Amino acid sequence: MAQSDAKVYVNVQVGEEDKARIARQEKTWNGTRLVLYCLVFLAACLVVLYLMSSTTSETTWSDWLFPWPTGKNL
């Protein structure tokens, strides 16, 4: 889908090495790589949040996840 002969336009003044770097980055980044990067980043964030919540949680009751009666207090 991507055209390899598409020209990259830069709207600010940059040096030649920056132009080459930008052109190289435009060739290497594609939709699949961006989606995978986002999924890995999201998974890492969720793991960090889970670990933070499991170490700092003040929950002391055992039925916080399933609050409906389990049969012992019916």
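Our subject is the structure that appears above.
Attention in this report is confined to the structure presented alongside it. (Residues numbered from 1 in each chain as written. Predicted model: local features only at pLDDT ≥ 70, side-chain atom pairs only at ≥ 80, totals over all residues. Heavy atoms only, no water.)

Another aspect to go through is the packing of aromatic side chains. Summed over all chains, the structure comprises 1 aromatic pair. Each ring, one from W29 and one from Y37, has its centre 6.1 Å from the other, and the planes form 90°; the classification is edge-to-face. The ring of W29 has R33 sitting right over it, with the charged end atom 4.3 Å from the ring centre. (Phe/Tyr/Trp six-rings, centres within 6.5 Å; stacked < 30°, edge-to-face > 60°. Lys NZ or Arg CZ within 6 Å of the ring centre and 35° of its normal.)

The next point concerns the pattern of salt bridges. This model, assessed by the stated rule, comprises 2 salt bridges. One salt bridge connects R21 with D18, and the closest N-O pair in it is separated by 3.8 Å. Residue R21 and its partner D18 are both found in helix α1 (residues 16-28); the two are separated by 3 residues, about one turn of the helix. Taking the relative accessible area as the measure of exposure, R21 reaches 34% and is therefore partly exposed. When its relative accessible area of 29% is taken as the criterion, D18 is described as partly exposed. (Salt bridge = Lys/Arg side-chain N within 4 Å of Asp/Glu carboxyl O. Helix = DSSP H or I, 4+ residues; strand = E, 2+ residues; numbered from the N terminus. Buried < 20%, exposed > 50% of the residue type's maximum accessible area, 1.4 Å probe, protein only.)

In this section: the layout of surface pockets. In this structure, the second largest pocket occupies an estimated 160 Å³ of space. Around the second largest pocket, the lining residues are K7, V8, Y9, V10, K19, I22 and A23. The residue makeup of the lining of the second largest pocket, split by class, is 5 nonpolar, no polar and 2 charged. (1 Å grid on protein atoms, 1.4 Å probe; cavity = no way out; pocket = protein on both sides within 12 Å on 5 of 7 lines; lining within 4 Å. Points joined across faces, edges and corners; volume = space filled by probe spheres on them. Nonpolar A, V, L, I, M, F, W, Y, C, P; charged D, E, K, R; others polar.)

This part is about the environment of A23. Note on placement: A23 falls in helix α1. C-alpha of A23 to C-alpha of K7: the two residues are 16 residues apart in sequence and 8.5 Å apart in space.

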